[in-house]
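Close look at the chain arrangement
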Amino acid sequence: MGIAYADMISGISGDMVVAALLDLGLPAEKLKAELKKIPRLHYRIEITKRATHGIQATRFHVVTPQRQPERTWSEIRSLIERSSLEPEVKERGLKIFRRLAEAEGKIHGVPPERVRFHELGATDSIVDIMATAIGTVELEIGSFRFSHIPLGRGLTPSRHGPLPLPAPTTLELLKGLPLQWINLEGETVTPTGAAILSVLGSPADETWRMTVERIGYGAGTKVFPDRPNVLRLLMGQEETPWHHDDMVILEANIDDMNPELYDYVFDRLFAAGARDVFLSPIQMKKNRPGTLLRVIAEPALREKLAGIVFRETTTIGLRTYPVHRLVLKRSTARVKTRFGTVKIKIIEEPDGTKRATPEYEDLRRIAAAKKIPLKILYDEVVRSFKG
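Residues numbered from 1 in each chain as written. Predicted model: local features only at pLDDT ≥ 70, side-chain atom pairs only at ≥ 80, totals over all residues. Heavy atoms only, no water.

**Here we look at the sheet that holds strand S16 (residues 319-328)**
With antiparallel pairing, the four strands of this open sheet are ordered in space as S14-S15-S13-S16. One side of each edge strand has no neighbouring strand; the edge strands of this open sheet are strand S14 (276-283) and S16. Direction aside, the axes of adjacent strands within the sheet are offset by 30° on average. Two strands pair when backbone bridges link them, and S14 and strand S15 (residues 289-297) are joined in this way by eight bridges, in the antiparallel orientation. Within the sheet, the bridge partner assigned to phenylalanine 278 lies in S15 and is arginine 294. (Pairing = 2+ DSSP bridges. Helix = DSSP H or I, 4+ residues; strand = E, 2+ residues; numbered from the N terminus. Axes fitted to C-alpha atoms, helices over the stretch in contact; angles between N-to-C directions.)

The following block contains the structure:
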């Protein structure tokens, strides 16, 4: 699996990401064929070349009828789930739209399921997001890094009237990510571009290194006087056998809560996007035994997860602090066995060898359906893996 680095010279949008993926080598006909698997969308695609400040870049444009239907998040989710796209493509696309729905819902004060997408949820945005999911899977991009995010200023028209730039939804999606204000009037980061970054990517720090193998340029629609309006996407391999993640830890000391409630707290936190949640026994003041609840998550989710901890536990205070995480390279695949197909996680060790870990939920489902011991299925999946 490769890694991609998004160099945001002038910002990012959904169409710029797709254009850069095409410039990297994503076959246009393959992309169009995959997009046709999504039902009830009416559009045509234009793929052209454009010279911007002397740089030859690819332009991706979705042409739609002037009147497009408004769609709720639940309607968009149904469209994607009913499509015949690959499961991994669906999963990536749904994650991006879910983040959009949550951000829009927070800005407008409505539950995500009731969010009605207007400018953001038109057919071209669905195509941009799903094309991004298709392209990153097709090009086998396992992880995504990005530079500081350049933000312009000004106002932009919307259904609700003029809005400040960056748009409120965009800024909500970028919470916890490295931002850079630039002296430029206009929108440099769209909500779709921000959602793609927040779901698929993580910021690159000064310790991160990669070997560049291919470079793609995706052109934007606007013309900026002081810089080329292109997204430069570099693809290659990391120089280390692991990659770096910037995370945040939330933790609380609790000594007055019924331990039966922790299972529900875990479910809520994981459903909200926590990477890990765990408990440790501690000794507190007045020699009372207590519990340390610790949550590891992406920085952008800090406030959301803190709200869950405050609502679902008895704590009256939380500690939060940033951490830097080293993670071994990983990817997913599917293994066919005589009992059924099981999703596996493939971990690459520092010496280059690979090992497989079967997905527990798949194992449990198949073992229950076939009435076989789960450990037998586990062993068969591991034996079937050819690293």
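Right, picking up where we left off after that structure.
**What to know about the packing of aromatic side chains**
Geometrically, a pair of aromatic rings is defined through the distance of the ring centres and the angle of the planes. Here the structure, examined in full by the defined rule, presents two aromatic pairs. The lysine or arginine in question, arginine 153, covers the ring of tryptophan 181, its NZ or CZ lying 4.4 Å from the ring centre. (Phe/Tyr/Trp six-rings, centres within 6.5 Å; stacked < 30°, edge-to-face > 60°. Lys NZ or Arg CZ within 6 Å of the ring centre and 35° of its normal.)

**A short note on the sheet that holds strand S18 (residues 341-348)**
Spatially, S17-S18-S19 is the arrangement adopted by the three strands of the open sheet, whose pairing is antiparallel. Of all strands in the sheet, those bounded by a partner on one side alone are strand S17 (330-336) and strand S19 (354-358). When strand polarity is set aside, the average angle formed by the axes of neighbouring strands in this sheet is 35°. This element, helix H10 (residues 360-370), spans S17, S18 and S19 of the sheet and lies at about 155° to S18. Packing against the sheet, helix H11 (residues 374-384) makes contact with S17, S18 and S19, and its axis sits at approximately 150° to S19. (Contact = heavy atoms within 4.5 Å.)

**Side note on the nonpolar core**
One finds Leu31, Leu35, Phe60, Met130 and Ile149 to be the most contacted residues of the largest nonpolar core, which totals 57 residues. Counting residues per element, this core draws most heavily on helix H1 (residues 14-24), which supplies eight residues. Apart from the residues lying within four places of it in its own chain, the contact partners of leucine 35 are Tyr43, Ile45, Val127, Met130, Ala131 and Ile134. Of all hydrophobic cores here, the second largest spans 20 residues; its members include Ile254, Leu269, Val277 and Leu301. (Core = buried A, V, L, I, M, F, W, Y, C linked by side-chain atoms within 4.5 Å. Buried < 20%, exposed > 50% of the residue type's maximum accessible area, 1.4 Å probe, protein only.)

**A few points about a nonpolar patch on the surface**
Taken together, Leu171, Leu179 and Trp181 make up a surface patch of nonpolar side chains, about 250 Å² in accessible area. Leucine 171 sits in the partly exposed class, given a relative accessible area of 35%. (Patch = residues over 30% accessible without salt bridge, like charges linked within 9 Å, V, L, I, M, F, W, Y side chains within 5 Å. Areas by Shrake-Rupley, 256 points an atom, 1.4 Å probe, with all protein chains shown as cover. Salt bridge = Lys/Arg side-chain N within 4 Å of Asp/Glu carboxyl O.)

**Describing the side chain of threonine 52**
With respect to the helices and strands, threonine 52 occurs in strand S2 (residues 44-52). Judged by relative accessible area, which is 11%, threonine 52 ranks as buried. When sequence neighbours within four positions are dropped, the list of residues in contact with threonine 52 reads Pro228, Asn229 and Val230.

**So, the packing of H1 against helix H5 (residues 123-138)**
When two helices pack together, their arrangement is given by the angle between the helix axes and the distance between those axes. Between H1 and H5, the shortest axis-to-axis distance is 9 Å and the interhelical angle comes to 30°. With respect to their mutual orientation, H1 and H5 come out roughly parallel. When the axes of H1 and H5 are compared, the crossing they make is left-handed. Residue-level inspection shows Gly14, Asp15, Val17, Val18 and Leu21 of H1 in contact with H5, the latter providing Asp128, Ala131, Thr132, Gly135 and Thr136. Grouping the constituent residues of the contact of H1 with H5 by class yields four nonpolar, four polar and two charged. (Parallel < 35°, antiparallel > 145°, perpendicular 65-115°, else oblique. Left-handed = near helix turned anticlockwise from the far one by under 90°. Nonpolar A, V, L, I, M, F, W, Y, C, P; charged D, E, K, R; others polar.)

**What about the pairing of strand S1 (residues 2-8)?**
Taking burial as the measure, the seven residues of S1 include seven buried ones, the bulk of the element. Because side chains alternate across S1, one face comprises the buried residues Gly2, Ala4, Ala6 and Met8, and the other comprises Ile3, Tyr5 and Asp7, equally buried. Relative to strand S6 (residues 141-146), S1 is paired through five bridges, and the arrangement is parallel. Note on S6: the bridge partner recorded for alanine 4 is phenylalanine 144. Here six bridges tie S1 to strand S12 (residues 230-238), and the two strands are oriented antiparallel to one another. Bridge pairing links isoleucine 3 to glycine 236 in S12.

**Things to note about H11**
Looking only at H11, the buried set comprises Leu377, Glu380 and Val381. Take H11 and look down its axis: the buried residues cluster within an arc of 100°, on one side only. Turned more than 90 degrees from where H11 packs its buried face, Lys375 and Arg383 sit exposed. Tucked into the core, H11 has its buried residues touching S17, S18, S19 and H10. (Arc of directions from axis to C-beta.)

**Quick notes on the pattern of salt bridges**
Note that side chains of opposite charge can pair when their charged atoms are close. Inspection of the entire model under this criterion finds 24 salt bridges. Aspartate 15 serves as the salt-bridge partner of arginine 59, at 2.6 Å between the closest nitrogen and oxygen. With arginine 59 in strand S3 (residues 55-63) and aspartate 15 in helix H1, this pair connects stretches of sequence that are 44 residues apart. What makes arginine 59 buried here is its relative accessible area of 7%. What makes aspartate 15 buried here is its relative accessible area of 14%. A salt bridge links arginine 268 to glutamate 312, with the shortest nitrogen-to-oxygen separation between them at 2.6 Å. Of this pair, arginine 268 sits in helix H8 (residues 262-271) while glutamate 312 sits in helix H9 (residues 302-312), and the two are 44 residues apart along the sequence. Taken together, the salt bridges that share partners define one network made up of Lys30, Glu34 and Lys37.

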